[in-house]
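Spelled out from the first residue to the last, the chains are:
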Amino acid sequence: MFYYKTLLKKNVTDYKITFSAFASGMTSEVDEGILSYKYAKRCYNYKVESGALKDGIGFEALTLPKSRDNPSDERTIVMEPGQKVKKMWLYTYFDQDKKQADYKILYYNNGKIRWMNIYSISIYTGILASVIYNTSVPNAINYRLDGKDWIIFSSPTDGMWKYNVDYMAQRVENGPSLVSMCLHYERLFAILEDGERHRLTFSANLDPTNFNASLNEGGFIDMQDDRGRLIKVVSFNDYVYVFREFGVARVSAYGDQTTFSVTQLFASSSKIYANSICVCGDIILLLTRDGLYSFNGSTTSKITLGVESLFEGIVNEDCASVYHNGKYYLALRLNFDDGEKIGCENYADGYVNNAIIELDLKTGDISITRGVDVCSMLLVDDGEICKLLACFNGEHAKDIGQMTHDGKFFGTPLKKCWVSPKSNLGYPTQVKRIKEVFVKTKSPCEVKITTESTSKTFSLEGSNVTQRLRPNIFGEQVEVSFISESEDTDISCPYITLGVTS
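Residues numbered from 1 in each chain as written. Predicted model: local features only at pLDDT ≥ 70, side-chain atom pairs only at ≥ 80, totals over all residues. Heavy atoms only, no water.

Colleague: I'd like a description of the overall build of the protein chain, backed by residues and values.
Modeller: Within the protein chain one finds zero helices and 44 strands. Of the contacts formed within the protein chain by residues at least 6 apart in sequence, a portion of 57% connects residues at least 24 apart. Just so you have it, the protein chain exposes about 22900 Å², and 46% of that area is on carbon and sulfur atoms. Separation between the mean location of the 55 positive side-chain charges and that of the 62 negative ones in the protein chain comes to 7 Å. (Helix = DSSP H or I, 4+ residues; strand = E, 2+ residues; numbered from the N terminus. Contact = heavy atoms within 4.5 Å. Areas by Shrake-Rupley, 256 points an atom, 1.4 Å probe, with all protein chains shown as cover. Lys, Arg positive; Asp, Glu negative; His and termini not counted. Charge placed at Lys NZ, Arg CZ, Asp CG, Glu CD.)

Below, the structure is given as structure tokens:
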């Protein structure tokens, strides 16, 4: 007699996992084992738009209009060889001959100040003769005195100069060395470089170059307590706000200086980075060592970006910021800690910054650009043209670039990456078989499937129809990446089917 043993058959259930049209953005604050597939654990150089992954921001060579009559007819600016552009300013003045406002872009280069006209047929730049800042990068501010439009320069080490388009640049004799400055009710308020950097100084009324201390001229306010050195001064909502290493002070400065008063508003347990401080409409944004904060003139609140872990172990003294079109742009250094090297991260001499965070203040959405080493940014907006300019460290230190939305850095596409969490999908210990991956991509890209034991990368050509991959990969934990180094990126409608064995 024969006995037959019934074999146990494993049950396999098929599931479809979608990526929720990429719309939920990135978070690095939740353990990837419990993070939903609608989030990315890492995403850079993509812009999520209309549910698809598209090209993020980039930069190209600066172009400026040849005339006001036809702003779209532009010339490419030729930069001097050997330059290292460190900072830029917009000088606004009234042209008496043309009877209209006019503009120059000024920039700091190897100890000198150079200039270019926004509207001109010339492709070359000029130099402000005699103005020398050999040891530190100056600050600059526009002001009006005796019916003339001037721009004043001062650095922490090299004193003060002033410039008007109708005159040669002039040194301000005995002008102070200033760290930061702002105009407020016809006075110039500034942080004096005195070593300890604890003194707020202010000019005489109606004369931003006169800092003689007297009841009828200029004066100063000392701030010596545990909130640290003064780092930036801002005129905002009818007050002067003095940002310090670990706090914020408000100065009420109306009329006679004998009525000035100081209120200490905010004490921070984490150091504030001066170059991150930026007026953004009705709030001021600022970065500290533990994240980004919003300040409304009286109180602060932390902004949850979802990527705070990328700040860990990083010092961002050399960050840069600007506000443009409802968005806050912050160039800084981030710790991606993924073993990858993108763009400037490949420089043999190293890099200062390696990323830009774009924060939409209306929606709270963020995008991260990686591989670009920006040292300064400037918004140029005169009603006819509107451009966000940047200068750089590294191989493009001689260039001024303008922001684009094509994902290229001076003609070279930046590598783009969207990575899902590596998750057991709610079925711990159970083996999954990744059967199919569906995705629509209009340009070439790669899809990478990774489990705890294996990894495979599949290349796709661009197409107007949804494409299907059959990976046939097994594993308990599954991670999916979409990688592109192409132009005109448009990746949408992704989902995978997998079988779960029970």
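Colleague: Before we move on, can you summarise the layout of surface pockets with the specific residues and values?
Modeller: Approximately 1800 Å³ is the volume attributed to the largest pocket. The wall of the largest pocket is formed by 50 residues, among which Lys87, Trp89, Asn139, Lys232 and Asn275 lie closest to the centre. Of all the secondary structure elements, the ones that give two or more residues to the lining of the largest pocket are β8 (85-95), β12 (139-145), β16 (178-184), β20 (230-236), β24 (278-280), β28 (320-324) and β32 (374-381). No other element matches β8, which puts six residues into the lining of the largest pocket. The class makeup of the residues in the lining of the largest pocket is 31 nonpolar, ten polar and nine charged. (1 Å grid on protein atoms, 1.4 Å probe; cavity = no way out; pocket = protein on both sides within 12 Å on 5 of 7 lines; lining within 4 Å. Points joined across faces, edges and corners; volume = space filled by probe spheres on them. Nonpolar A, V, L, I, M, F, W, Y, C, P; charged D, E, K, R; others polar.)

Colleague: Can you explain the sheet that holds strand β40 (residues 455-460)? Please cite residues and give values.
Modeller: Strand order in the open sheet made by the five strands is β2-β37-β43-β39-β40, with antiparallel pairing throughout. Looking at strand neighbours, the two that pair on one side only are β2 (42-44) and β40, the edges of this open sheet. Strand-to-strand twist in this sheet, taken as the mean axis angle between neighbours without regard to direction, amounts to 20°. Note that β2 and strand β37 (residues 416-419) share three bridges and pair antiparallel. Looking across to β37, one finds that arginine 42 is bridged to valine 419. (Pairing = 2+ DSSP bridges. Axes fitted to C-alpha atoms, helices over the stretch in contact; angles between N-to-C directions.)

Colleague: Account for the side chain of serine 120, naming residues and giving values.
Modeller: The topology assignment puts serine 120 in the loop between β10 (112-117) and β11 (126-132). Relative accessible area serves as the criterion here: at 15%, serine 120 is assigned to the buried category. In terms of polar contacts, serine 120 uses its side chain to reach the backbone amide nitrogen of serine 122, at 3.0 Å. Setting aside chain neighbours within four positions, we find serine 120 in contact with Pro65, Lys66 and Arg75. (Buried < 20%, exposed > 50% of the residue type's maximum accessible area, 1.4 Å probe, protein only. Polar contact = N/O pair within 3.5 Å; in protein donor to acceptor, adjacent residues only side chain to side chain.)

Colleague: Describe the pattern of salt bridges, with residues and values.
Modeller: On inspection of all chains with the given rule, the structure shows 28 salt bridges. The salt bridge partner of glutamate 358 is lysine 47, with a shortest N-O separation of 2.8 Å. A residue pair is termed long-range when its members are at least 10 positions apart, and glutamate 358 in strand β30 (residues 355-360) and lysine 47 in strand β3 (residues 46-49) qualify at 311 residues. Relative accessible area serves as the criterion here: at 22%, lysine 47 is assigned to the partly exposed category. For arginine 199, the salt bridge goes to aspartate 222, with nearest N and O atoms at 2.7 Å. In this pair, arginine 199 sits in strand β18 (residues 199-202) while aspartate 222 sits in strand β19 (residues 219-222), placing the two residues 23 residues apart along the sequence. (Salt bridge = Lys/Arg side-chain N within 4 Å of Asp/Glu carboxyl O.)

Colleague: I'd love a proper account of the packing of aromatic side chains, names of residues and values included.
Modeller: In the structure shown here, the tally under the stated rule is 20 aromatic pairs. Their ring planes at 80° and their centres at 5.6 Å tell us that phenylalanine 392 and phenylalanine 410 sit as a pair that is edge-to-face. Taken together, the residues span a long stretch of sequence, with phenylalanine 392 in strand β33 (residues 386-392) and phenylalanine 410 in the loop between β35 (408-409) and β36 (412-413) at a distance of 18 residues. The exposure class assigned to phenylalanine 392 is buried, which follows from its relative accessible area of 1%. The side chain of lysine 104 reaches across the aromatic face of tryptophan 115, ending 4.0 Å from its centre. (Phe/Tyr/Trp six-rings, centres within 6.5 Å; stacked < 30°, edge-to-face > 60°. Lys NZ or Arg CZ within 6 Å of the ring centre and 35° of its normal.)

Colleague: Talk me through the nonpolar core; I want residue IDs and the actual numbers.
Modeller: Residues Leu334, Ile368, Val447 and Phe482 are the most contacted members of the largest nonpolar core, which totals 53 residues. Every residue in contact with leucine 334, bar those within four places of it in the chain, is listed here: Leu310, Phe311, Ile314, Asn354, Ala355, Ile357 and Ile368. Met79, Tyr103, Ile118 and Val380 belong to the second-largest nonpolar core, a separate cluster that totals 20 residues. (Core = buried A, V, L, I, M, F, W, Y, C linked by side-chain atoms within 4.5 Å.)

Colleague: Account for unusual backbone geometry, with residues named and values stated.
Modeller: Phi angles above zero are rare outside glycine, and leucine 206 is one such case at about 70°. Tracing the backbone shows leucine 206 in the loop between β18 and β19. If you check the backbone angles, aspartate 337 has positive phi at about 50° while not being a glycine. Note on aspartate 337: relative accessible area 70%, which makes it exposed.

Colleague: Tell me about the environment of serine 459, and name the residues and values.
Modeller: With respect to the helices, strands and loops of the structure, serine 459 is situated in strand β40. For serine 459, a relative accessible area of 59% corresponds to the exposed category. Distance from serine 459 to asparagine 346, taken between C-alpha atoms, is 24 Å for residues 113 residues apart in sequence. Once you skip the residues sitting within four places of it in the chain, serine 459 turns out to touch Cys445 and Glu446.

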